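The residues making up each chain are set out below.
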2 protein chains.
Amino acid sequence: MTDRARQPDRCVVVGGSTRTAAIDGISAAGATATQRRETPAADLEILVFGRPTPDRTVPVSPTGTPTPAVVTRAVAVETGLSVLAVDAGLATDTLAPTLDVGAEPGADIRAETAVPDAETYWERAAAIGRSLPVESILLGETIPGGTTTALGVLAALGERRAVSSSLPDNPTTIKAETVETGLAASGLPPGDAAGDPRRALRYMGDPVLATVAGLARGALATGVDVTLAGGTQLAAAAALLRHDGVAAPLRLATTSYVADDETAAMADLAADLDLSLVVTDPGFDRLGHDGLAAYAEGVAKEGVAMGGALAVARDAEPGLSAIRARTRSLTTSLTDAMEADPA
Amino acid sequence: MTDRARQPDRCVVVGGSTRTAAIDGISAAGATATQRRETPAADLEILVFGRPTPDRTVPVSPTGTPTPAVVTRAVAVETGLSVLAVDAGLATDTLAPTLDVGAEPGADIRAETAVPDAETYWERAAAIGRSLPVESILLGETIPGGTTTALGVLAALGERRAVSSSLPDNPTTIKAETVETGLAASGLPPGDAAGDPRRALRYMGDPVLATVAGLARGALATGVDVTLAGGTQLAAAAALLRHDGVAAPLRLATTSYVADDETAAMADLAADLDLSLVVTDPGFDRLGHDGLAAYAEGVAKEGVAMGGALAVARDAEPGLSAIRARTRSLTTSLTDAMEADPA
């Protein structure tokens, strides 16, 4: 009945890396800094194959909660949603087939320049977005440290400094300090990049955010229906589009875990940026599975297009309860495989 | 009931190019030599999206018969068979997400060396084959000129010189002369590369054949069930595996159009190489569509894993008649799009 009831042609997930993720305590997208380098590559493999390659472990938070990639995979299996993976600066090889924008991993935003070639990635991604032979896409991300770079971009653009986290106790102080240090190192007063989204990305962003924004820009330009699928990172992508002059309606689909997170300030961000907000409650607290119940306590919360995928599933057969069951069985099989063969 | 009744995890299609395809009259995989450069990239897009990107035309033979990619796409849509595209030396960019072995287009086999880095591509593909988190694959190709390079490889290995064609009147004389010239230019007497498949590829092969053989080798080594899906090119891949010491049972699935082609000598090749042969009749002569009926008259015949995909469909719901109907509707929509917007 609504436009959300029509299944998107493709769930596009952009994976990459920023050295910002190596800052101690900043991200839960992987149990250790070393494992966080592998998380995006493993996430894309889980999306495409249902499991990572044999020499890789399943990304989990430091407390053992599995990556949101498992949830999006569950939606793909249950609803037939097709995934398209994009490599925007992965730190390691992936066995998932990808479209490649030729990006390098992003630098720590505390350096002067975070993404020297941000404009190039944006333009390449826009060319992809203009050429994709699809009518509608969900657009999500996988990049550890991405909520901090998103905060940096929002600050550079002069937007609300909303910040979510894959940790239940959001290390907002570390993130805010990281952004302040980065702005100072870049000689960029807050708001100084307003109206110049590529400059905000170059000094404070990451290659995934540049690619997501460019992809959305190109796709929107040719009439593709775009749903931004995620939390503050996708809101930052929306901000980049607004500062690039995009006036068209934009839709952001996220989980209730992010929407209920005060520091993420999603309703305010959505109002600031004129986004229609679609919120879906995964209901993992009712599943009787500790690792997944932790989502409801603020672990992971969102990522890998999870919120958008769940919105698709809610309006499709066989609905959210089937997604919960499939998420649980996928999680169990992945966890069992890890225990049988600790890589 | 049989092992063919189990749907493969993935239909792997390896795309690439050889300058051998520029020889006049050698290939029907594209209406002109210029369009043949685009055929593999467009084939992969059709497999993944159902249509090529807006700036590209649908590959057709010089007489207007559509690419076999449409048939494999029809199987993917009707049976849920997942496609995995591999870039092994594409001559143009593709919007299909790919695994990339980093290959350059192959040289004309009439030059001394056809694929200088054949061994590197083989090893990279083998690493992919060993790591793919799947249990079974169909393995096919898209490379214009590929039946000629396959003939070259069979000659270099000292195997039966079988050769099929995407043309109804197979230009066997041109192909045989091309191979003789190539063997002479390489200083390679026929059969001189027996037991050394990488040498055969280096002097007489193409990057797709090196990648297909390496992928199969790696996948077989880790217990993945591999079905070679195609005609003489996949038989050449089987020959490469046999000359690399693979003694395990191998299965080759192809169309009745190739199996009925005397110059392709599929039954003899299968006997020589100890392959179990699976033959499927697409039945396009009964469809009342001129472009598709031409398949039964020897145009196109096979390619892009078509024969293997049809074997999957024959044993699955909703069966081959649904594939024929879907192939027809896809062909019509692609042809209409071309007529509406001749790119």
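Residues numbered from 1 in each chain as written. Chains lettered and ligands numbered in written order. Predicted model: local features only at pLDDT ≥ 70, side-chain atom pairs only at ≥ 80, totals over all residues. Heavy atoms only, no water.

1. Here's the deal with the overall build of chain A
At step 1: In terms of helices and strands, chain A carries 13 helices and 7 strands.
At step 2: A compact globule built from 343 residues would reach a C-alpha radius of gyration of about 20 Å, and chain A, at 18 Å, matches this within 12%.
At step 3: Over its C-alpha atoms, taken along the principal directions, chain A stretches across nearly 50 × 45 × 35 Å.
At step 4: Within the span of chain A, comprising 343 residues, buried residues form 64% of the whole.
At step 5: For chain A, long-range pairs separated by at least 24 residues make up 80% of all intrachain contacts whose partners lie at least 6 apart in sequence.
At step 6: Here chain A has roughly 11,800 Å² of accessible surface; of this, 47% comes from carbon and sulfur atoms. (Helix = DSSP H or I, 4+ residues; strand = E, 2+ residues; numbered from the N terminus. Rg over C-alpha atoms; globule rule 2.2 N^0.38 Å. Buried < 20%, exposed > 50% of the residue type's maximum accessible area, 1.4 Å probe, protein only. Contact = heavy atoms within 4.5 Å. Areas by Shrake-Rupley, 256 points an atom, 1.4 Å probe, with all protein chains shown as cover.)

2. Brief notes about the pattern of salt bridges
At step 1: If you walk through the whole model with that rule in mind, you get 28 salt bridges over all chains.
At step 2: Measuring nitrogen to oxygen at the nearest pair gives 2.6 Å for the salt bridge that ties Arg110 of chain B to Asp108 of chain B.
At step 3: By relative accessible area, which is 38% here, Arg110 of chain B ends up partly exposed.
At step 4: The network of salt bridges with shared partners includes Glu123, Arg198, Arg217 and Asp244 of chain A. (Salt bridge = Lys/Arg side-chain N within 4 Å of Asp/Glu carboxyl O.)

3. A short note on the pairing of strand 5 (residues 225-229) of chain A
All names here are of chain A.
At step 1: The buried fraction of strand 5 amounts to 4 of the 5 residues, a majority that puts the element mostly inside the structure.
At step 2: Summarising the sheet, strand 4 (residues 136-142) and strand 5 pair through 4 bridges and their orientation is parallel. The residue bridging Leu139 from the neighbouring strand is Leu228, located in strand 5.
At step 3: Sheet topology places strand 5 next to strand 6 (residues 250-255); 3 bridges connect them, and they run parallel. Bridge assignment links Leu228 to a residue of strand 6, and that residue is Leu252.
At step 4: In the classification by handedness, the crossover that spans strand 5, the intervening helix 8 (residues 232-243) and the parallel strand 6 is right-handed. (Pairing = 2+ DSSP bridges. Right-handed = clockwise from strand over helix to strand, strands pointing away.)

4. A few points about the layout of surface pockets
At step 1: Considering only enclosed or pocket space, the second largest pocket measures out at about 1,100 Å³ in volume.
At step 2: Together, 38 residues line the second largest pocket, and Thr98 and Asp100 of chain A together with Thr98, Leu99 and Asp100 of chain B are the ones closest to its centre.
At step 3: Tallied by class, the residues present in the lining of the second largest pocket amount to 14 nonpolar, 12 polar and 12 charged. (1 Å grid on protein atoms, 1.4 Å probe; cavity = no way out; pocket = protein on both sides within 12 Å on 5 of 7 lines; lining within 4 Å. Points joined across faces, edges and corners; volume = space filled by probe spheres on them. Nonpolar A, V, L, I, M, F, W, Y, C, P; charged D, E, K, R; others polar.)

5. Topic: helix 2 (residues 69-79) of chain A
Given 3.6 residues per turn, any residue in an α-helix points the same way as the ones three and four places further on.
All names here are of chain A.
At step 1: Of all 11 residues in helix 2, 9 are buried, a share of seventy percent or more.
At step 2: Along helix 2, the positions that sit buried rather than exposed are Ala69, Val70, Val71, Thr72, Arg73, Ala74, Val75, Ala76 and Thr79.
At step 3: Looking one or two residues beyond helix 2, the residue adopting positive phi is Gly80, at roughly 80 degrees.

6. Some thoughts on the packing of helix 7 (residues 207-221) of chain A against helix 8 of chain A
Residue and element names in this part refer to chain A.
At step 1: Their axes nearest at 9 Å, the elements helix 7 and helix 8 cross at an angle of 55 degrees. Comparing their axes, helix 8 and helix 7 come out oblique. Note that helix 7 runs across helix 8; the crossing there is right-handed. Judged by residue contacts, Leu209, Val212, Ala213, Ala216, Arg217 and Leu220 of helix 7 engage Gln233, Leu234, Ala236, Ala237, Leu240 and Leu241 from helix 8.
At step 2: The class makeup of the residues in the contact of helix 7 with helix 8 is 10 nonpolar, 1 polar and 1 charged. (Axes fitted to C-alpha atoms, helices over the stretch in contact; angles between N-to-C directions. Parallel < 35°, antiparallel > 145°, perpendicular 65-115°, else oblique. Left-handed = near helix turned anticlockwise from the far one by under 90°.)

7. Concerning the environment of Val226 of chain A
Residues and elements named next belong to chain A.
At step 1: Along the chain, the position of Val226 falls in strand 5.
At step 2: Residues Val226 and Lys175, spaced 51 residues apart in sequence, show a C-alpha to C-alpha distance of 29 Å.
At step 3: Residue contacts for Val226: discarding those within four places in its chain leaves Ile137, Leu139, Ala216, Ala219, Leu220 and Arg251.

8. Examining the relation of the copies chain A and chain B
At step 1: At an RMSD of 0.0 Å, chain A and chain B line up after a rotation of 180 degrees and a shift of 0.0 Å along the axis. The transformation relating the two chain copies, once decomposed into turn and shift, fits a two-fold axis. (Least-squares fit on C-alpha atoms with pLDDT ≥ 70 in both.)

9. Observations concerning a negative patch on the surface
Residue and element names in this part refer to chain A.
At step 1: Where like charges cluster on the molecular surface, the negative patch consists of Asp260, Asp281, Asp285, Asp290 and Glu297.
At step 2: Mapped onto the fold, Glu297 is located in the loop between helix 11 (290-296) and helix 12 (306-314).
At step 3: Using a relative accessible area of 60% as the deciding quantity, one classes Glu297 as exposed. (Patch = residues over 30% accessible without salt bridge, like charges linked within 9 Å, V, L, I, M, F, W, Y side chains within 5 Å. Lys, Arg positive; Asp, Glu negative; His and termini not counted. Charge placed at Lys NZ, Arg CZ, Asp CG, Glu CD.)

10. Focus: the interface of chain A and chain B
Interface extent is often summarised as the accessible area lost during association of the parts.
At step 1: Taken together, the contacts link 21 residues of chain A with 21 residues of chain B.
At step 2: Counting every contact that joins chain A to chain B gives 0 salt bridges.
At step 3: Put simply, the parts of the chain that give the side of chain A that touches chain B at least two residues each are helix 1 (33-49), strand 2 (83-87), strand 3 (98-100) and helix 3 (118-131) of chain A.
At step 4: Per-class residue counts for the side of chain A that touches chain B are 14 nonpolar, 4 polar and 3 charged.

11. Structural notes on unusual backbone geometry
All names here are of chain A.
At step 1: Residue Pro318 is reached from Glu317 by a cis peptide bond, and omega for that bond is -5 degrees.
At step 2: Here Pro318 lies in the loop between helix 12 and helix 13 (320-340).
At step 3: One non-glycine residue, Val304, adopts positive backbone phi at about 55 degrees.
At step 4: Residue position: Val304 is located in the loop between helix 11 and helix 12.

12. With respect to the confidence of the model for chain A
All names here are of chain A.
At step 1: For chain A, per-residue confidence averages 93 on the pLDDT scale, and 97% of positions sit at 70 or higher.
At step 2: Ignoring residues within four places in sequence, the model shows residues 1-5, a span with pLDDT below 50, making 6 contacts including any to other chains.
At step 3: Interface confidence in the predicted complex, given as ipTM, is 0.90; pTM for the same model is 0.94. (pLDDT = per-residue confidence, 0-100.)

13. Re the environment of Ile23 of chain B
Residue and element names in this part refer to chain B.
At step 1: Along the chain, Ile23 falls in the loop between strand 1 (10-15) and helix 1 (33-49).
At step 2: Ile23 sits in the buried class, given a relative accessible area of 10%.
At step 3: Distance from Ile23 to Ile174, taken between C-alpha atoms, is 8.8 Å for residues 151 residues apart in sequence.
At step 4: Those residues in contact with Ile23, other than ones at most four positions away along the chain, are Arg36, Asp108, Arg110, Ile174 and Thr178.

14. So, the pairing of strand 4 of chain A
At step 1: With 7 of 7 residues buried, strand 4 of chain A lies mostly within the body of the structure.
At step 2: Burial along strand 4 of chain A is two-sided: Ser136, Leu138, Gly140 and Thr142 of chain A and Ile137, Leu139 and Glu141 of chain A, pointing in opposite directions, are all buried.

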